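# Topology and contacts: notes
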Amino acid sequence: LFDGVYPLYLQQRKAFVFDVSTIIVIVVFLTFACSFLLIIPGIRGRARLYWTVRVLLSLVVGVVIVAVQFTGDWETGWVKANTSYKSFSHALVNADIGLHVGLAGVNITLMGNPVNQVNETINYNEHFAWSFDADYDHSYSEGLEKGLPSPILYVAEKFTMQSPCGVHRQYRISGHYASATLWVAFCTWLISNMLFSMPVLVYGGYMLLVTGAFMIFSLLSFSTVRNSPMCLIQFGTATLRIGYGGSFWLTLAIGLLCFVSGITVVTLHYFNLDLLKTFFDLREDNVEEYQDMTEVFVNPHFVSKGL
């Protein structure tokens, strides 16, 4: 800071849980959901409930698969500590320091308790990307040039390529493959919806199982970061420890939901096909077809000619 003037940030700050990409995904799926709710009154009888359950559950699975690609809380941790605020100064501040790890980078949060200390506003949230089209070390160097607070630079330095921790490569590759398997899960989710719209329900159930499997594979890929020992992030006597965050557990829950739904569809196909057709609104169509053919007209000319 120079005479109370804040440094110039050339890049836009990014929220550690929600960013623009996540909000766009949620808005798109909410638009689909609202559009369906507008036409749901036109569906008659019990089929209205079945359609609502099927469509909303499918949209929840889809939005989670896409949204967790952009969230930043696959791993998260907080610590409250008294720490130095900036270089070449012995002033200590009391602050909450947060670390939020996503598939494409890490967010580091610094918030003072209270926010206004040492005549400054301590409220930072900085994003450092490590995706294959980003240079993490360059972002860290820019943070040094901008004069970010020492706690943020201290935590960010743990993930650089030159750090003795050696976790940069592991996090980068694990996040890349986790993201790739999630996109495959999204494709299989689309295929399952196509199959459910046709009279091949059992294959839709199989694709739901494949969707759940790829979501679990993404979790296994990300969890390999635990194979590399993480350096201690120490602030005096306080230690910043991280654990699996909301996006990790949400992906696990939706993956298990896909497994349960797929197994249910396959089981009903082999043991109670009528109930399965009723849930997917196929049985009523067959009944209506039979009702349309209650009266048969025969040309007497062809009958007498055949006799």
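All of these numbers come straight from a predicted model, not from anything done at the bench. (Residues numbered from 1 in each chain as written. Predicted model: local features only at pLDDT ≥ 70, side-chain atom pairs only at ≥ 80, totals over all residues. Heavy atoms only, no water.)

Moving on: the state of the cysteines. Tallied over the entire structure, the rule returns one disulfide. Two residues, cysteine 165 and cysteine 231, share a disulfide whose sulfurs are 2.1 Å apart. Judged by the sign of its S-S torsion, about -135 degrees, the cystine formed by cysteine 165 and cysteine 231 is left-handed. You can see cysteine 165 sitting in the loop between helix H4 (150-157) and helix H5 (168-196) and its partner cysteine 231 sitting in the loop between helix H6 (201-223) and strand S5 (233-235), a full 66 residues away along the chain. (Disulfide = S-S within 2.5 Å. Helix = DSSP H or I, 4+ residues; strand = E, 2+ residues; numbered from the N terminus.)

Backbone torsion omega between asparagine 113 and proline 114 reads 0 degrees, so that peptide bond is classified as cis. Relative to the helices and strands, proline 114 is located in strand S3 (residues 105-117). For valine 118, which is not glycine, the phi dihedral falls at a positive 45 degrees. Residue placement: valine 118 occurs in the loop between S3 and strand S4 (120-129).

We now examine the sheet that holds S4. In spatial order, the strands read S4-S3-S2-S1-S7; together these five strands make up an open sheet with antiparallel pairing. Whereas interior strands pair on both sides, the edge strands pair on one side only; in this sheet they are S4 and strand S7 (243-244). Running over the sheet, helix H3 (residues 136-146) touches S3 and S4 and is turned about 160 degrees from S4. (Pairing = 2+ DSSP bridges. Contact = heavy atoms within 4.5 Å. Axes fitted to C-alpha atoms, helices over the stretch in contact; angles between N-to-C directions.)

In this section: the packing of aromatic side chains. Tallied over the entire structure, the rule returns 20 aromatic pairs. Centroid distance tyrosine 50 to phenylalanine 279: 5.3 Å. Interplanar angle 50 degrees. Geometry classified as tilted. With tyrosine 50 in helix H2 (residues 47-67) and phenylalanine 279 in helix H8 (residues 273-279), this residue pair connects regions lying 229 residues apart in the sequence. Residue phenylalanine 279 is classed as partly exposed on the basis of its relative accessible area of 29%. For the pair tryptophan 130 and tyrosine 171, a centre-to-centre distance of 5.4 Å together with 35 degrees between the ring planes defines the contact as tilted. Pair noted here: tryptophan 130 is in the loop between S4 and H3 and tyrosine 171 is in helix H5, with a separation of 41 residues, a long-range link. Using a relative accessible area of 1% as the deciding quantity, one classes tryptophan 130 as buried. Residue class for tyrosine 171 comes out buried when judged on its relative accessible area of 4%. Grouping aromatic residues by their ring pairs yields a cluster made of Phe29, Phe32, Trp183, Phe186 and Trp189. If you follow arginine 54 out to its NZ or CZ, it ends over the ring of phenylalanine 279, 5.9 Å from the centre. Positioned over the ring face of tyrosine 244 is arginine 226, at 4.4 Å from the centre of the ring. (Phe/Tyr/Trp six-rings, centres within 6.5 Å; stacked < 30°, edge-to-face > 60°. Buried < 20%, exposed > 50% of the residue type's maximum accessible area, 1.4 Å probe, protein only. Lys NZ or Arg CZ within 6 Å of the ring centre and 35° of its normal.)

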